[in-house]
2 protein chains.
Amino acid sequence: MNAPLATATTAEDRRSAPLVTPPFDAAKLDELLDRAGIDVVIASSKHNIQYLLGGYRFFFFDHTDAVGVSRYLPLLVYFKGRPERSVYVANSMESWENELGRFWVPDVDTSTWTTRDAMQRAVDHVKKRLEPGRVRIGAERAFLPADAEEVLRQGLPQAEIVEALAPLERLRARKSAAELTLIRQASERVVDSMLSVFSSHGPGATKAEMAEALRREETQRGLVFEYCLIAAGASQNRAPSDQRWQKGEVLSLDSGANYGGYVGDLCRMGFSGEPDAELEDLLAEIDTIQQAARKPIRAGAIGSDIYEAGEAALARSLHRNVTNFVAHGMGLISHEAPRLSSRAPVKYDGEDADRPLEAGMVLSIETTMHHPRRGFIKLEDTLAVTEDGWEAFGDHGRGWNRGKA
Amino acid sequence: MNAPLATATTAEDRRSAPLVTPPFDAAKLDELLDRAGIDVVIASSKHNIQYLLGGYRFFFFDHTDAVGVSRYLPLLVYFKGRPERSVYVANSMESWENELGRFWVPDVDTSTWTTRDAMQRAVDHVKKRLEPGRVRIGAERAFLPADAEEVLRQGLPQAEIVEALAPLERLRARKSAAELTLIRQASERVVDSMLSVFSSHGPGATKAEMAEALRREETQRGLVFEYCLIAAGASQNRAPSDQRWQKGEVLSLDSGANYGGYVGDLCRMGFSGEPDAELEDLLAEIDTIQQAARKPIRAGAIGSDIYEAGEAALARSLHRNVTNFVAHGMGLISHEAPRLSSRAPVKYDGEDADRPLEAGMVLSIETTMHHPRRGFIKLEDTLAVTEDGWEAFGDHGRGWNRGKA
């Protein structure tokens, strides 16, 4: 899409404004910023930088931020209604990416190595492009280093700094076809990797060994491994450790891994031996709740419908006292909009429990049983909302997967 | 080692203080904090948290920080001279690690999910343990989110917040035998992975394909891949891309990958075909500079001796106008103390150019030639300082490595 013209644009502005094509819905972002009272947003988290740059993530700092006496701090400066004024302040090494034409923004500054440098450059750019008077700057304060915010406050003393999490998150809530493809790939490959770990490990394997095996399986499938939560036997402890998976014990694998930055996050169950009737019943109980929660999902349904359906099924469950149900949006990070529960531990103004679901939203649905004798039993599934229902990604391996004999 | 007793410790304090055994040199940290005028340090970077917790890194957030409406923020609070007052403020999921006995600190708080939560808990703990009066708190401000620093300032208005980078970095400068083993393993496995990529790729392979192959090779060897810089042919562009390696072209692989958090970071050269005499001469020129820079290295030598030796050799080089020489410390991050150049772009008070090297310091030495016709040619080596010289880690594959025919 083309950049919308700001209402206050003059003929002179129009003549001088280069044609830019943001890779996101700039009109939607402008509306979200307007509602949040933000004039200029300075994004600094890797996920929002990736989104606003159309999928770009600087490879050098994908895993680690620290370098030299400071750290990597990419800053994307966006002026509401004026995408042609956007600036990307980058690390010096990103000049190679600039040569390769990877940026849509008209101005790319690859002169920085530290957090303070980077924000000073952003401030300089904002000053050149800002009309005089008071301005509200939206920042991601959990992802903005304290020393960089100090440079911002000193450089633009007339600015009020407000939190930009909600508008940036809402911008990402509905996924494009390309994003859905990435999430589907991530999900399928995570489950394939888990099935491979179950079938290649048996009694005596440690949780640490199996978590490492999963990391390698996911990497071989082109994913970037993020984590593996793993519990075995009656224990509810999900950290990799030297605990061994024993004959007759359950094993849960719950892993996050990304493909092109988009997270696959699912949980599947394994058993060393032949699962007995009780175990089959327990997993069926969990699946009943998971399937009940899927039922209401379609564009136009209300976010809280999912919780209502899941919790109604949970209330009928024999093990309701040791079982819980959760549903949340996911995408570039593992918990993001839509935020479906009105009881989330952290309140913010982007809550979706009372809003309609939209086609292209992606949901993670989880039912977890903390069985005191049989252990940690869980299914976590990924569903994309469609116009008339949902589509599950990586929806295989949901029964008991046998370990190596 | 046991915790040193603070000079102001009372008999009552000694009776009530639990015996703690920090896994680092607490006396050295106390001296460094004292010199920096810091009473309490609140570490927040992953590398310093790992160091202060004796190698611990929370697996769940090793790759990604973002979660829900905020991000992971571990905080290690250390009172100068009073290690028994230390507190680790962790994410809720780290209760599993606490159950496994992974923490030496007497007080572990696993109640947090957001940056503001975490700092509020740290402030509460500091308040309980702090004597009245003015206090100087050392923070890693490039690794401390702005919203968390705001909670700190509001919660402890009497505190002055100062930068703690230099004392924490100096604490890490001399590596233990266990740390040296990790860096050696990381270095050897990085080079092994590179040799495997050279020999399994030939004309037509893209830089992106080879960078991905290196990621997989490193992962299969138990490393955590961080990045791959790659240049092919006459180009000086080091970003992975769809550029193809052609017959008769050079290929440089420069990769960072960590083993247990410790970085291996080396550069090796490949050639598609049989390298001609000119290429052999160019790499020999680079090697001559690299070897000259190794000569002065031993405990007691002055940091700047390395630069002097390297630059003297560079001055005699035919290609001095397109070649540069760099040496720097490395360990948990790829550029850390000792800081050997007095011309580093960022000044800070931990400079080592005029200080003696110590056994156990680890150095990265790099000579880079930007040849206008033959391309990017570089060697980067890793050396550990010993009492009477140095030891090179991953010191193989330093000639022209042939690609697949």
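On a predicted model such as this, the values are computed, not experimentally measured, just so you know. Going along each chain's sequence as written, the residues are numbered from 1 onward. Whichever chain is written first is A, and whichever ligand is written first is 1; the rest continue in order. Given that this is a predicted model, residues contribute local features only at a pLDDT of at least 70 and side-chain atom pairs are listed and counted only at 80 or more, while totals for whole chains, interfaces and linings are drawn from all residues. The basis for the side-chain values is all heavy atoms of the structure; hydrogens and waters are excluded.

**A word on the sheet that holds strand β7 (residues 135–139) of chain A**
Residues and elements named next belong to chain A.
Part 1 of the argument: One requirement defines pairing of two strands: DSSP has to find at least two bridges between them. Numbering of helices and strands runs from the N terminus, with a helix taken as a DSSP run of H or I at least four residues long and a strand as a DSSP run of E at least two residues long. Strand order in the open sheet formed by six strands is β6-β5-β4-β1-β7-β8, and the pairing between neighbours is mixed. Edge strands, defined here as strands with exactly one partner in the open sheet, are β6 (107–112) and β8 (159–163). Along the sheet, successive strands turn relative to each other by an average axial angle of 20°, direction set aside.
Part 2 of the argument: As paired elements, strand β5 (residues 87–91) and β6 share four bridges and run parallel to each other. The partner of V89 across the bridge, within β6, is D109. A fitted line through C-alpha atoms represents every axis, and for helices the fit uses only the stretch in contact; the resulting angles, taken between N-to-C directions, go from 0 to 180 degrees.

**Overview of helix α2 (residues 26–35) of chain A**
Residues and elements named next belong to chain A.
Part 1 of the argument: Using a 1.4 Å probe on the protein chains alone, a residue whose accessible area is under 20% of its type maximum counts as buried, one over 50% counts as exposed, and one in between counts as partly exposed. Along α2, the residues classified as buried are A26, L29, D30, L32 and L33. When α2 is viewed along its axis, its buried side chains cluster within an angular range of 165° and face the same direction.
Part 2 of the argument: Contacts are assigned to residue pairs that have any heavy atoms within 4.5 Å of one another. Buried-residue contacts for α2 involve β1 (40–43), α3 (46–52), β4 (75–79) and α7 (165–172).
Part 3 of the argument: The positive-phi residue at the C-terminal boundary of α2 is G37, with phi of around 70°. As used here, the arc belongs to the directions running from the helix axis to the C-beta atoms.

**Some details on the packing of aromatic side chains**
Part 1 of the argument: A pair of Phe, Tyr and Trp rings is counted when the ring centres sit within 6.5 Å of each other, with Trp represented by its six-membered ring. The angle between the planes then sorts it: under 30 degrees is stacked, over 60 is edge-to-face, the rest tilted. Under the defined criterion, the tally for this structure stands at 28 aromatic pairs over all chains.
Part 2 of the argument: Ring geometry for Y56(A) and F103(A): centres 4.7 Å apart, planes at 75°, overall edge-to-face. Residue Y56(A) is found in the loop between α3 and β2 (66–67), and its partner F103(A) is found in the loop between α4 (95–99) and β6; the two are separated by 47 residues along the sequence. Note on accessibility: Y56(A) and F103(A) belong to one class, buried.
Part 3 of the argument: Among the aromatic residues, those joined into a cluster by ring pairs are F58(A), F59(A), F60(A), F61(A), Y72(A) and Y227(B).
Part 4 of the argument: A ring has a charge above it when a Lys NZ or an Arg CZ is no more than 6 Å from the ring centre and no more than 35 degrees off the ring normal. The aromatic ring of Y259(A) is capped on one face by R189(A), whose charged end is 4.3 Å from the ring centroid.
Part 5 of the argument: Taking NZ or CZ as reference, R85(B) lies 5.8 Å from the ring centre of F79(B), over its face.

**Thoughts on the sheet that holds strand β8 (residues 159–163) of chain B**
Residue and element names in this part refer to chain B.
Part 1 of the argument: As summarised here, the arrangement of the six strands in space is β6-β5-β4-β1-β7-β8, forming an open sheet in which the pairing is mixed. Looking at the sheet topology across the chains shown, the edges are occupied by β6 (107–112) and β8. Neighbour-to-neighbour, the strand axes of this sheet turn through a mean angle of 20°, independent of strand direction.
Part 2 of the argument: Sheet topology places strand β1 (residues 40–43) next to strand β4 (residues 75–79); four bridges connect them, and they run antiparallel. Note that in β4 the partner of V41 across the bridge is Y78.
Part 3 of the argument: Across the sheet, helix α5 (residues 115–129) touches β1, β4, β5 (82–91) and β6, and the angle it forms with β6 is around 145°.

**Points about the relation of the copies chain A and chain B**
Part 1 of the argument: Alignment of the copies relies on least squares applied to C-alpha atoms, considering only residues that score at least 70 for pLDDT in both. In screw terms, the move from chain A to chain B is a rotation of 180° and a rise of 0.0 Å along the axis, fitting with an RMSD of 0.0 Å. What we have between these two chains is a two-fold relation.
Part 2 of the argument: Same-surface contact between copies: 98% of interface residues of chain A are shared with the interface of chain B.

**Digging into the state of the cysteines**
All names here are of chain A.
Part 1 of the argument: A pair of cysteine sulfur atoms is labelled a disulfide when the two atoms are within 2.5 Å. Tallying each qualifying case throughout the model produces zero disulfides over all chains.
Part 2 of the argument: Take C228: it sits in no disulfide, and the sulfur closest to it among the cysteines is that of C267, at 9.3 Å.
Part 3 of the argument: With a relative accessible area of 2%, C228 lands in the buried category.

**A word on the packing of helix α8 (residues 177–200) of chain B against helix α9 (residues 207–220) of chain B**
Residue and element names in this part refer to chain B.
Part 1 of the argument: One can describe the packing of α8 onto α9 by two numbers: an axis separation of 9 Å at closest approach and a directional angle of 135°. Looking at the two axes, α8 sits oblique to α9. The handedness of the crossing between α8 and α9 is right-handed. In this structure, α8 uses V190, S193, M194, S196 and V197 to contact α9, whose residues at the interface are M210, A213, L214, E217 and E218. By definition in this entry, angles of less than 35 degrees are roughly parallel, angles greater than 145 are roughly antiparallel, angles of 65 to 115 are roughly perpendicular, and the rest are oblique. Note on convention: near helix rotated counterclockwise from far helix by under a right angle means a left-handed crossing. Clockwise means right-handed.

**Let's talk about the pattern of salt bridges**
A side chain with one charge may pair with a side chain of the opposite charge, provided their charged atoms come close.
Residue and element names in this part refer to chain B.
Part 1 of the argument: By definition, a salt bridge exists where a carboxyl oxygen of Asp or Glu is found within 4 Å of a side-chain nitrogen of Lys or Arg. Evaluation of the coordinates by the stated rule reveals 76 salt bridges over all chains.
Part 2 of the argument: Close ionic contact of E84 with R82 constitutes a salt bridge, the shortest N to O distance being 2.5 Å. Taken as a pair, E84 and R82 share a single burial class, namely buried.
Part 3 of the argument: Two residues, R85 and E131, come together in a salt bridge whose shortest N-O distance is 3.0 Å. Of this pair, R85 sits in strand β5 while E131 is found in the loop between α5 and β7 (135–139), placing the two residues 46 residues apart along the sequence.

**Some remarks on the interface of chain A and chain B**
Part 1 of the argument: The interface is formed by 58 residues belonging to chain A together with 57 residues belonging to chain B.
Part 2 of the argument: Together, the buried faces of chain A and chain B total about 5000 Å²; carbon and sulfur atoms form 60% of this surface.
Part 3 of the argument: The tally of links from chain A across to chain B stands at two salt bridges.
Part 4 of the argument: We note a salt bridge from R141(B) to E150(A), for which the minimum N-O separation is 3.0 Å.
Part 5 of the argument: Any pair of nitrogen or oxygen atoms within 3.5 Å is treated as a polar contact; in protein, a donor-acceptor pairing is required on top of that, and neighbouring residues in sequence qualify only through side-chain atoms on both sides. Viewed at the interface, chain B and chain A are joined by 26 residue pairs in polar contact (both at pLDDT 80 or more).
Part 6 of the argument: No other element matches the six residues that strand β9 (residues 224–232) of chain A contributes to the side of chain A that touches chain B. Throughout, the accessible surface (probe 1.4 Å) given up by two parts as they are put together, summed over both, is called the buried area.

**Observations regarding the pairing of β4(B)**
For a regular strand, side-chain orientation follows a simple rule: the groups alternate between the two sheet faces.
Residues and elements named next belong to chain B.
Part 1 of the argument: Judged by how many residues are buried, β4 sits mostly within the fold: five of five residues are covered.
Part 2 of the argument: With burial as the criterion, each face of β4 is covered, one bearing L75, V77 and F79 and the other bearing L76 and Y78.
Part 3 of the argument: Across four bridges, β4 lies against β5 in antiparallel orientation. Each bridged residue has a counterpart across the sheet, and for V77 the counterpart in β5 is V87.
Part 4 of the argument: Where β4 folds back on β5, the antiparallel hairpin that results is connected by two residues, among which G81 adopts a positive phi of roughly 75°.

**A short note on the pairing of strand β15 (residues 389–393) of chain A**
All names here are of chain A.
Part 1 of the argument: Here strand β14 (residues 375–386) pairs with β15 via five bridges, running antiparallel. What sits directly across from A384, in β15, is E391.
Part 2 of the argument: Turn length for the β14-β15 hairpin, with the two strands adjacent in sequence and antiparallel, is two residues.

**Regarding the side chain of S86(A)**
Residues and elements named next belong to chain A.
Part 1 of the argument: Relative to the assigned elements, S86 resides in the loop between β4 and β5.
Part 2 of the argument: What makes S86 buried here is its relative accessible area of 0%.
Part 3 of the argument: A polar contact is formed between the side chain of S86 and the backbone oxygen of P83, at a distance of 2.7 Å.
Part 4 of the argument: Every residue in contact with S86, bar those within four places of it in the chain, is listed here: V77, Y78, W104, V105, P106 and D107.

**Remarks on the nonpolar core**
Part 1 of the argument: The nonpolar core is taken to be a set of buried Ala, Val, Leu, Ile, Met, Phe, Trp, Tyr and Cys residues, with the residues joined through side-chain atoms within 4.5 Å. By size, the foremost hydrophobic cluster in this structure holds 46 residues, and its most contacted members are F24(A), L52(A), L53(A), L76(A) and Y88(A).
Part 2 of the argument: Residue contributions to this core peak at four residues, all from α2(A).
Part 3 of the argument: With near-sequence residues (within four places) excluded, L76(A) lies in contact with V41(A), I42(A), A43(A), I49(A), L52(A), L53(A), V87(A), Y88(A) and V105(A).
Part 4 of the argument: Of all hydrophobic cores here, the second largest spans 45 residues; its members include F24(B), L29(B), Y51(B) and L332(B).

**Details of the environment of A205(B)**
Residue and element names in this part refer to chain B.
Part 1 of the argument: Examined against the element boundaries, A205 turns out to sit in the loop between α8 and α9.
Part 2 of the argument: The sequence separation of A205 and Q243 amounts to 38 residues, and the corresponding C-alpha distance is 8.3 Å.
Part 3 of the argument: The contact partners of A205, leaving out residues within four places of it in the chain, are M210, Q243, R244 and W245.

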